[in-house]
Amino acid sequence: MNPIRFGTSGWRDIIADTFTFANVRLVTRAIAEYLLAEGADHPQVVVGYDTRFLSEAFAAEAATVLASHGIRVWLTDREAPTPVIAYEVIRRGAAGGLNITASHNPPEYNGLKFSGSSGGSVSPAVTDRIEKRVQELLAQPEVQYPPLAELEAKGLVARIDPRPTYLNRLREMVDLNAIAAARLKVAVDLLYGTASGYLDEILREAGCDVQTLHGSRNPAFGGLTPDPSEMNLRELATVVRAGGFHLGLATDGDADRYGIIDKDGRFIEPNYILALLLRHLTTTRGWRMGVARSVATSHLVDAVARLQAVPVYETKVGFKYLGELITQGKVALCGEESAGLSIRGHVPEKDGILAALLVAEMVAVAGGHGVQSLLDTLYAEVGGAIYARRLNLHLTREQQGRLADRLKDLPARVGGLAVVEVNTLDGTKLLLEDGSWFLVRPSGTEPVVRLYLDAHSEAQIEELTIAARALLDV
């Protein structure tokens with residue numbers, strides 16, 4: 001059995017169990033062979049890593065394998081956010097990027113993410129090829145590679161600092177002057193991740209009064225997962241509320257996801273941030289392009305798109321599908337409910353640093369009004385509230401079997417409402433007559449089944465959750 005499996009965002013596994021130096025070398029060799037087989041002329045690859053245990057050592061092993069195959073490697077000189085690596089791939093015209101990261105997963109995990117020349121994740125067809133080649137390599141004796149220092153001396157591996165050029169890019173994408181004029185007071189929780197020296201520093205540059213939480217490296221992440229969820233941002237919420245901050249901003253372990261705390265300490269769901277930023281970008285930038293969201297993302301985005309008369313593109317779950325629309329120049333903004341976002345002209349990859357800065361810009365332009373206040377105004381503009389929820393269902397094998405049977409025989413009504421459409425783009429999504437809906441989808445990265453819902457009130461979303469669980473017998 002091949003222990004290496006790529007999910008929606010790369011290969012992730014437990015350190016010293018399956019995520020070992022030997023397996024990292026095997027996967028990297030398969031990637032090197034893929035790049036060479038594709039006929040890239042003197043291919044170059046950007047290699048980076050996050051703040052997890054041994055990440056820099058795993059990155060050094062990956063760089064060694066790539067360079068030993070004649071591939072020029074640009075190795076970051078410190079931990080680097082995923083969007084920074086993506087931008088560096090594009091800027092250097094590299095054949096791809098290899099990032100040692102497990103993103104927001106628990107601290108015992110590490111991972112390897114392979115991106116293509118666009119800066120975005122490679123397609124499932126590519127990762128399938130890599131998995132197949134790894135399976136073949138597992139049956140062969142392991143190759144011995146020269147020391148990294150020897151490859152550096154030959155000029156095959158060079159250390160780089162991608163921070164200055166990425167920060168310059170942010171200065172082009174965000175209105176720092178507007179942020180400076182508002183004199184915002186912002187608390188930033190970096191969750192011991194890679195955004196240290198990026199998000200906090202550029203906010204200070206913009207004249208913000210910044211308090212930084214968890215900006216050092218801690219591979220145990222303070223006993224939490226480096227995920228900017230409501231639960232993990234309780235300390236940030238307390239600081240914001242007690243300190244009179246305009247805003248609390250957070251990023252996950254590799255800074256590709258964001259978390260937002262309003263001035264009253266309230267956590268704002270990413271679904272709502274996407275809709276608010278779509279309105280902000282279309283009105284302040286004058287962008288009349290489309291918006292893309294995953295099938296699991298709230299239709300509040302659609303309501304704003306209708307208001308702004310721009311098209312909506314729906315994709316499977318996985319930012320790689322959204323990123324393709326950025327690369328094609330079709331959308332002003334793309335995003336997903338799990339706090340992934342990018343905008344036109346930027347990387348086709350999630351960027352939590354950019355997202356946090358855009359929220360700061362939005363609040364600044366609005367005169368320092370709270371995010372919830374802006375959301376209430378948006379609800380009035382689109383004709384009513386839309387509430388979103390996601391639940392993780394940890395099912396037994398027996399429950400999983402029953403779930404599959406239930407999804408084969410769907411009812412005509414749920415919670416007293418007619419089912420007007422069944423969407424099977426990615427999972428099973430039941431759209432109801434009043435515009436509410438729910439989606440059932442197995443996770444691509446965790447052993448859970450996810451339940452996503454949209455409704456028009458908090459009471460209705462509770463009722464729809466109960467109805468959905470009863471239908472699914474979970």
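Computed from a prediction, not measured in an experiment: that's the story for all the values here. (Residues numbered from 1 in each chain as written. Predicted model: local features only at pLDDT ≥ 70, side-chain atom pairs only at ≥ 80, totals over all residues. Heavy atoms only, no water.)

Caption draft 1: Structural view of unusual backbone geometry. Positive phi, normally seen in glycine, also occurs at alanine 255, with a value near 65°. Take alanine 255: it is sitting in the loop between strand E10 (247-251) and strand E11 (258-261). Phi is positive for alanine 309, which is not a glycine, with a value near 60°. Turning to its location among the elements, alanine 309 is positioned in the loop between helix H11 (300-308) and strand E14 (312-315). (Helix = DSSP H or I, 4+ residues; strand = E, 2+ residues; numbered from the N terminus.)

Caption draft 2: Quick peek at the nonpolar core. Residues Leu199, Leu203 and Leu249 are the most contacted members of the largest nonpolar core, which totals 70 residues. In terms of residues, this core owes the most to one element, helix H13 (residues 352-365), which gives 11 residues. When sequence neighbours within four positions are dropped, the list of residues in contact with leucine 249 reads Val186, Ala187, Val188, Asp189, Leu199, Leu203, Leu236, Gly259, Ile260, Ala356, Val359 and Ala360. Residues Ile15, Val24, Tyr49 and Leu148 belong to the second largest nonpolar core, which totals 38 residues. (Core = buried A, V, L, I, M, F, W, Y, C linked by side-chain atoms within 4.5 Å. Buried < 20%, exposed > 50% of the residue type's maximum accessible area, 1.4 Å probe, protein only. Contact = heavy atoms within 4.5 Å.)

Caption draft 3: Broad picture of the packing of aromatic side chains. As enumerated under the stated definition, the model contains six aromatic pairs in all. An angle of 80° between the planes, with centres 4.8 Å apart, marks the rings of phenylalanine 19 and phenylalanine 58 as edge-to-face. With phenylalanine 19 in the loop between strand E2 (10-14) and helix H1 (21-37) and phenylalanine 58 in helix H2 (residues 55-68), the pair connects residues that are 39 residues apart, well separated along the chain. With respect to burial, phenylalanine 19 and phenylalanine 58 carry one shared label: buried. An aromatic cluster is built from Trp11, Phe19, Phe21 and Phe58, whose rings are joined through pairwise contacts. Taking NZ or CZ as reference, arginine 163 lies 6.0 Å from the ring centre of tyrosine 198, over its face. (Phe/Tyr/Trp six-rings, centres within 6.5 Å; stacked < 30°, edge-to-face > 60°. Lys NZ or Arg CZ within 6 Å of the ring centre and 35° of its normal.)

Caption draft 4: Region of interest: the sheet that holds strand E8 (residues 185-189). Spatial ordering of the open sheet is given by E9-E8-E10-E11-E12, a layout of five strands whose pairing is mixed. Either end of the sheet is taken by a strand with one partner, and the two such strands are strand E9 (209-213) and strand E12 (267-268). Strand direction decides the pairing type here: E10 and E11, joined by four bridges, are antiparallel. By the bridge assignment for E11, glycine 248 is matched with isoleucine 261. Against the sheet, helix H9 (residues 234-243) makes contact with E8, E9, E10 and E11, and its axis sits at roughly 165° relative to E8, the strand it touches most. (Pairing = 2+ DSSP bridges. Axes fitted to C-alpha atoms, helices over the stretch in contact; angles between N-to-C directions.)

Caption draft 5: Molecular detail of the packing of H1 against H2. Running from N to C, H1 and H2 point in directions that differ by 40°, and their axes come no closer than 9 Å. The handedness of the crossing between H1 and H2 comes out as right-handed. Along the contact surface, H1 presents Phe21, Val24, Arg25, Thr28, Arg29 and Ala32, while H2 presents Ala57, Phe58, Glu61, Ala62, Val65 and Leu66. A per-class count over the contact of H1 with H2 returns eight nonpolar, one polar and three charged. (Left-handed = near helix turned anticlockwise from the far one by under 90°. Nonpolar A, V, L, I, M, F, W, Y, C, P; charged D, E, K, R; others polar.)

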